[in-house]
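Spelled out, the chains give:
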Amino acid sequence: MVQDIIHVYLMPGMAANPTIFEHIKLPEDKFKIHWLEWFLPEPKESLESYAKRMIERIEYDNVVLLGVSFGGILVQEMSKYMNLRKLFVVSSVKSKHELPKRMKVMKYTKAYKLLPTQLVGNIDVLAKYAFGETITKRIDLYKKYLSVNDKAYLDWAIENVIEWNQNEPNMSAIYIHGDNDMVFPHSCKGDCIVIKGGSHIMIINKFKWFNENLPKLILQPA
């Protein structure tokens, strides 16, 4: 009997292109990886509407969906409107309550509307928004992975992180977080797989953990 291939869709984080997943390798006799990528939102488009449009890019049913950071928020929204085999949320948050204090303050003051997103052509600024850190010696790395630098997209993305209104974790999701994540430092609490030494970009620099553990997590009974 020929085993059905399990289709795994990967959604990158804010401003990132899907090459952040270039080192994620799963056994090809069991899994097929598909990369999702950001497209420009419509003016004032809701996250729900955007999620539904992203779903249109998924060709199979009962897939595995994995999202990183803001992509983790997006896949949680997508999961509300599709049939999934497994949902993985990496380096992200389970609900609006896990957003860091600075983002909660921005929500109530609307200060995020004043962020200088017109400077996204500056790779240092873009890295600060996307990865939560400034450039040190890794500018070439960031240039490679951060390519979604449209101001309208970044304004929309920042607003939809800060204004995300999910009140409770998705009970069917598998949350994976690093204990050294400076962007979302409060997300290791509760039901979560914690990667020791994992930072906000651990999908890039801890890829061996994912390659070793994702197959087992996907195949284990729900």
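1. Considering the packing of aromatic side chains
Tallied over the entire structure, the rule returns 8 aromatic pairs. Taking 4.3 Å as the distance between ring centres and 20° as the angle between the ring planes, the aromatic pair formed by F39 and Y50 counts as stacked. Taken together, the positions of F39 in the loop between β2 (31-35) and α1 (47-55) and Y50 in helix α1 put the pair 11 residues apart, joining distant regions of the chain. Taking the centre distance of 6.2 Å and the plane angle of 40° together, the rings of Y153 and W156 count as tilted.

2. Description of the sheet that holds strand β4 (residues 84-90)
Spatially, 6 strands are ordered β2-β1-β3-β4-β5-β6 in an open sheet, and the strand pairing comes out parallel. Two strands close off the open sheet at either side, each with one partner strand: β2 and β6 (193-195). Here the average twist between neighbouring strands, direction ignored, is 20°. Sheet topology note: the strand β1 (residues 6-11)/β2 ladder contains 5 bridges and is parallel. Bridge pairing in β2 places I6 opposite F31. Docked against the sheet, helix α8 (residues 207-219) engages β1, β2, β3 (63-68), β4, β5 (173-178) and β6, running at close to 145° with respect to β4.

3. Observations regarding helix α6 (residues 151-162)
The periodicity of an α-helix, 3.6 residues per turn, causes residues three or four positions apart to be oriented the same way. Spanning 12 residues, α6 covers 17 Å between terminal C-alpha atoms, matching the ideal 16 Å at 1.5 Å per step. Residues Y153, L154, W156, A157, I158, N160, V161 and I162 constitute the buried set of α6. Regarding α6, its N-cap is D150, as a side-chain oxygen of that residue lies 2.9 Å from the backbone nitrogen of A152 further along.

4. Digging into the pairing of β3
Within β3, 6 of the 6 residues are buried, leaving the element largely enclosed by the surrounding structure. Residues V63, L65 and G67 of β3 are buried on one face, and the alternating residues V64, L66 and V68, pointing to the opposite face, are buried as well. Two elements, β1 and β3, share 4 bridges in a ladder whose sense is parallel. Residue M11 lies in a different strand from β3, and its bridge partner there is G67. Inspection of the sheet shows β3 paired to β4 by 6 bridges, in the parallel sense.

5. Side note on the nonpolar core
Judged by nonpolar contacts, the single largest core of 68 residues is most densely connected at L65, F70, M78 and Y153. Here this core takes 7 residues from α6, the largest share from any one element.

6. Digging into unusual backbone geometry
The backbone of A15 sits at a positive phi, close to 70°, despite the residue not being glycine. Locating A15 in the fold gives a position in the loop between β1 and β2. Even without a glycine there, the phi angle at S91 is positive, about 55°. For S91, the location among the structural elements is in the loop between β4 and α3 (101-109).

7. Section: the layout of surface pockets
If you add up the space inside the second largest pocket, you get close to 210 Å³. What lines the second largest pocket is a set of 15 residues, among which K86, L87, S172, A173 and A222 lie closest to the centre. Listed by contribution, the elements that provide at least two residues to the lining of the second largest pocket are β4 and β5. In terms of residue count, the dominant contributor to the lining of the second largest pocket is β4 (4 residues). Here the residues of the lining of the second largest pocket are counted per class, giving 8 nonpolar, 4 polar and 3 charged.

The rules behind these values
Residues numbered from 1 in each chain as written. Predicted model: local features only at pLDDT ≥ 70, side-chain atom pairs only at ≥ 80, totals over all residues. Heavy atoms only, no water. Phe/Tyr/Trp six-rings, centres within 6.5 Å; stacked < 30°, edge-to-face > 60°. Helix = DSSP H or I, 4+ residues; strand = E, 2+ residues; numbered from the N terminus. Pairing = 2+ DSSP bridges. Axes fitted to C-alpha atoms, helices over the stretch in contact; angles between N-to-C directions. Contact = heavy atoms within 4.5 Å. Expected span 1.5 Å × (residues − 1). Buried < 20%, exposed > 50% of the residue type's maximum accessible area, 1.4 Å probe, protein only. Polar contact = N/O pair within 3.5 Å; in protein donor to acceptor, adjacent residues only side chain to side chain. Core = buried A, V, L, I, M, F, W, Y, C linked by side-chain atoms within 4.5 Å. 1 Å grid on protein atoms, 1.4 Å probe; cavity = no way out; pocket = protein on both sides within 12 Å on 5 of 7 lines; lining within 4 Å. Points joined across faces, edges and corners; volume = space filled by probe spheres on them. Nonpolar A, V, L, I, M, F, W, Y, C, P; charged D, E, K, R; others polar.

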